[in-house]
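# Observations on chain architecture
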Amino acid sequence: MGVEDEQKWGTTPPISRALPTEAELRQNESLLQELRSRNNFESAEETEKRKQVIAHMQKVTEEFVRQVSRGKGMNETAIEASGGKVATFGSYRLGVYGPGSDIDTLIVAPKHVNRDDFFAHFARILKSMSPAGAIQSETSVADAYVPIIKLEYLGISIDLIFTSLAQDTVPDNINLKDKTLLRGMNQTDLRCINGTRVTDEILSLIPQVKSFRFALRAVKLWAQKRALYAAIYGYPGGVAWAMMVARICQLYPMACGAVIVSKFFHLMSIWTWPTPIMLKEFEDGPLQVQVWNPKLYRTDGLHLMPVITPAYPAMCATHNVSLSTREIVVRELKRANTITDAIFAGTKQWGDLFQKHTFFTEGYKYYLSIVSGSRTKEAQNIWSGLVESKVRKLVVGIEKSDTGVQLAHPFNKGFKRIHQCSTEEEVDKVFQGDLSFQVSKEEYEALENSADATDKDADDTSSKNGGKTVLYTTTFYVGLELKAGLTKKLDISMPVADFRRECAMWRQFDEKLNSLRIVHARNYALPPDVFEEGEKRPEPSKSKKKSSNGPSKKASKSTLDSASTEAPTPESRKRTAPEDTTPVLSHKKPNLSATDSMNGVKPSLESEVRLP
């Protein structure tokens, strides 16, 4: 049989079927040692613990279905036959999980059990069937794009999503790859079940699972170290990175893991986006649903970095990617390609590829701090999750407006903090980003451990500790890269106002509990806890002599320190010297209460940068 008759993986023939050379195998072993040194592999004991937790979730799922069925008046025979299934997807199902990895879990139920039942009863039943304290945290986001319950269970992070099938029973051995099971599903159900279906399809479409898993571990570690691993912020998520690696495996079916990594960075760094990455041709199915096709659907044509799922119906896994996040990813891919070339040339080591990001230390002069806050831990867990899911919309809003921002770079996680205040004035300062009342790490852990009981026993909306009000905040950061030669004021008032208004329209928003402020920060004024030990913090520029073009740097700093993201009062306008030409991100402070600022009644928020 000739080469032309050999199996074709993916949508095109392979680039090379060459077997690994001795030098490539040595690089493969070197990469393996680097991953091991970074604790990338989980111990056998921890893996066994995961298996036991999943087995327990299966029992809980069956009991959940029984209780809901009984509550809806079904007879015992039908109740016992109803079944229920737990299926995993993501990194756990792909076999690339490590210490601290979460378990993406799908709960599958028969047609008489719906999503409202899932959010109303599943966590309660899990708690009743688990040891005391097993559920260390629980956050439900029922109105997310993919509705989810996030758990910390026995030290393992678990993301639970739900779907129901249009049939009376769900046996444990049901094959979720069967396309006929999709009949009767809405778009939310399809998004939920496709996680498992996509994962299984990926594993069936690659020539060597071992090389795929090895390469994906390296790419995942790189993406995490470079702060590129978070679909919620507009970066490729775990499944997207997996599909991108899988496509390289198809193009080099005989290559070892280290070569796959090198080829990945080379091809992805020169990829002509928005040409899509696809693992197979589109397939037909039984549903009258939209299958990704930019020629037919305008919204599909707007996707900037499309990576298409192989399971029917085909969807874009990277629909969240924006102009800014695509540019950031491409820059990082080019950097990684340069490094891997040097590694194979013998002038660099694999450790150089996994160097930590420089987002806070060298990234930008100007940052936006998105401060979400609540008066109870439980309320903050929900509220901060909602705000986090909207950060990418602020980025897109800044991109679309004529603001003078070249790139808005969202960091891929928030920073949780706890504060203790004695007065409402101090509370308002905290909600504006003031860290003067932040507790120490030791106090943080003590307050975290007691927060659940405090939330339940509180008579008002505040958690009390020694007569002080305990506040919980999560701050998200966006770095701003300005357009070259910008000489006008940078006004981001409209995208900021739209973002805050959309967050405040959330149906569970409670003005007595929740707060949201967007404030600026210069790089040298970033809080200490965003830096790791040994990292050098940016320093302010040395003072320059006052010139005829504006005041001194010291005067500019005064304006900076008193800044806010809210609407300016007439008095604050007068206080700001118009002739100041020093680069300053200025958000002038309003005469508004915390409640007013969240009600969307002041849309004229002003945020500006004055540049020479």
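Residues numbered from 1 in each chain as written. Predicted model: local features only at pLDDT ≥ 70, side-chain atom pairs only at ≥ 80, totals over all residues. Heavy atoms only, no water.

Further remarks concern the overall build of the protein chain. Across its full length, the protein chain holds 20 helices and 13 strands. Across the 612 residues of the protein chain, 52% fall into the buried class. By sequence separation, contacts in the protein chain at least 24 residues apart represent 74% of the contacts at least 6 residues apart. Carbon and sulfur atoms make up 49% of the accessible area of the protein chain, which totals about 28100 Å². (Helix = DSSP H or I, 4+ residues; strand = E, 2+ residues; numbered from the N terminus. Buried < 20%, exposed > 50% of the residue type's maximum accessible area, 1.4 Å probe, protein only. Contact = heavy atoms within 4.5 Å. Areas by Shrake-Rupley, 256 points an atom, 1.4 Å probe, with all protein chains shown as cover.)

Note on placement: Tyr252 falls in the loop between helix H8 (238-251) and helix H9 (257-269). Along the backbone, Tyr252 and Pro13 are 239 residues apart, and their C-alpha atoms lie at a distance of 9.6 Å. Sequence-distant contacts of Tyr252, that is, excluding residues within four places in its chain, are made with Ile15, Ser16, Ile260, Lys263 and Leu267.

Let's shift gears to the UniProt feature "binding site: Mg(2+) 1" (unreviewed entry) in the protein chain. What UniProt calls "binding site: Mg(2+) 1" (unreviewed entry) maps, in this numbering, to Asp102 and Asp104. Along the chain, Asp102 falls in the loop between helix H4 (90-94) and strand S2 (103-109). What Asp102 contacts, discounting residues up to four positions off in sequence, is Arg50, Ser91, Ser157 and Asp159. Along the chain, Asp104 turns up in strand S2. (UniProt positions renumbered as here; feature names shortened; annotations may be inferred.)

Most of strand S1 (residues 85-89) is tucked away: five of the five residues are buried. Residue alternation in S1 divides its side chains into two sets, Lys85, Ala87 and Phe89 and Val86 and Thr88, and both sets are buried. Here S1 runs beside S2; their pairing, made up of five bridges, is antiparallel. For Thr88, the partnering residue across the bridge sits in S2 and is Thr105. (Pairing = 2+ DSSP bridges.)

The next subject is unusual backbone geometry. In this structure, Pro274 follows Trp273 across a cis peptide bond, with omega equal to 10°. With an omega of -10°, the peptide bond running from Tyr312 to Pro313 counts as cis. Within the secondary structure, Pro313 is located in the loop between helix H10 (298-301) and helix H11 (323-345).

All right, on to the packing of aromatic side chains then. Counted under the stated rule, the structure contains 29 aromatic pairs. Centroid distance Trp222 to Trp241: 5.6 Å. Interplanar angle 85°. Geometry classified as edge-to-face. Of the two residues, Trp222 is situated in helix H7 (residues 209-225) and Trp241 in helix H8; the sequence distance between them amounts to 19 residues. With respect to burial, Trp222 and Trp241 carry one shared label: buried. (Phe/Tyr/Trp six-rings, centres within 6.5 Å; stacked < 30°, edge-to-face > 60°.)

On to the pairing of S2, then. The element S2 is largely enclosed, with a buried count of seven among its seven residues. The two faces of S2 match: Ile103, Thr105, Ile107 and Ala109 on one face and Asp104, Leu106 and Val108 on the other face are all buried. Relative to strand S5 (residues 156-164), S2 runs parallel, the two sharing seven bridges. Within S5, the residue paired with Asp104 across the bridge is Asp159.

A few words on the side chain of Thr309. Relative to the elements of secondary structure, Thr309 occurs in the loop between H10 and H11. Contact partners of Thr309, with chain neighbours within four places excluded, come to Val198, Met243, Ala314, Met315 and Ala317.

Another point: the packing of helix H1 (residues 22-37) against H9. It is the contact of H1 with H9, at a shortest axis distance of 7 Å, that shows an interaxial angle of 90°. The orientation of H1 relative to H9 falls into the category roughly perpendicular. In this structure, H1 contributes Glu24, Gln27, Asn28 and Leu31 to the contact, and H9 contributes Gly257, Ala258, Val259 and Val261. Taken together, the residues of the contact of H1 with H9 break down into four nonpolar, three polar and one charged. (Axes fitted to C-alpha atoms, helices over the stretch in contact; angles between N-to-C directions. Parallel < 35°, antiparallel > 145°, perpendicular 65-115°, else oblique. Nonpolar A, V, L, I, M, F, W, Y, C, P; charged D, E, K, R; others polar.)

In this section: the environment of Cys503. Its place among the elements puts Cys503 in helix H17 (residues 493-504). Given the relative accessible area of 0%, Cys503 is considered buried. Along the sequence, Cys503 and Trp383 sit 120 residues apart, while their C-alpha atoms lie 9.1 Å from each other. With residues near it in sequence (within four places) discarded, Cys503 still touches Trp383, Leu386, Val387, Lys390 and Leu516.

Turning next to helix H15 (residues 424-431). Residues of H15 that are buried: Glu426, Val427, Val430 and Phe431. Down the axis of H15, the buried side of the element spans an arc of 140°, and every buried residue falls inside it. Structurally, H15 contributes buried residues whose contacts are with strand S6 (366-374), strand S8 (415-421), strand S10 (468-482) and strand S11 (514-522). Positive backbone phi, at 105°, marks Gly433, one or two positions downstream of H15. (Arc of directions from axis to C-beta.)

Looking now at the nonpolar core. Counting residues in each nonpolar core, the largest one holds 99 residues, and the members touching the most others are Phe212, Trp222, Phe264, Leu353, Phe360 and Ile370. When residues no more than four places from it in sequence are discounted, the contact partners of Phe212 are Leu94, Ile202, Leu203, Ile206, Ala242, Val245, Ala246 and Cys249. Among the nonpolar cores identified, the runner-up in size contains 27 residues, and Val53, Met57, Val68 and Phe122 belong to it. (Core = buried A, V, L, I, M, F, W, Y, C linked by side-chain atoms within 4.5 Å.)

Right, let's get into the pattern of salt bridges. Any two side chains of opposite charge can pair, given that their charged atoms come close. As enumerated under the stated definition, the model contains 22 salt bridges in all. The salt bridge partner of Asp117 is Lys72, with a shortest N-O separation of 2.7 Å. Remark: Lys72 occurs in the loop between helix H2 (44-71) and helix H3 (76-81) and Asp117 occurs in helix H5 (residues 115-128); sequence separation between them is 45 residues. Looking at Lys72, the relative accessible area reads 41%, which means it is partly exposed. Its salt-bridge partner being Arg331, residue Glu327 comes within 2.9 Å of it at the nearest N-O pair. A residue pair is termed a helical-turn pair when its members lie 3 or 4 positions apart in one helix, as Glu327 and Arg331 do in helix H11 at four residues. Here the salt bridges share partners, and the residues they tie into one network are Lys179, Glu201, Lys280 and Glu283. (Salt bridge = Lys/Arg side-chain N within 4 Å of Asp/Glu carboxyl O.)

In this section: H2. Residues spaced three or four apart along an α-helix face the same direction, because each turn holds 3.6 residues. Its 28 residues give H2 an end-to-end C-alpha distance of 41 Å, which sits within 8% of 40 Å, the value for a rise of 1.5 Å per residue. Gly73, located one to two residues past H2, shows a positive phi value of around 80°. (Expected span 1.5 Å × (residues − 1).)

We now examine the sheet that holds S2. Taken in spatial order, the five strands make up an open sheet running S1-S2-S5-S4-S3, and their pairing is mixed. Both edges of this open sheet fall to S1 and strand S3 (135-141), since each of them pairs with a single strand only. When strand polarity is set aside, the average angle formed by the axes of neighbouring strands in this sheet is 25°. Of the strands in this sheet, S1, S2, strand S4 (148-153) and S5 are in contact with H2, which crosses S1 at around 140°. Packed on one face of the sheet, helix H6 (residues 187-204) meets S1, S2 and S5 and runs near 120° to S5.

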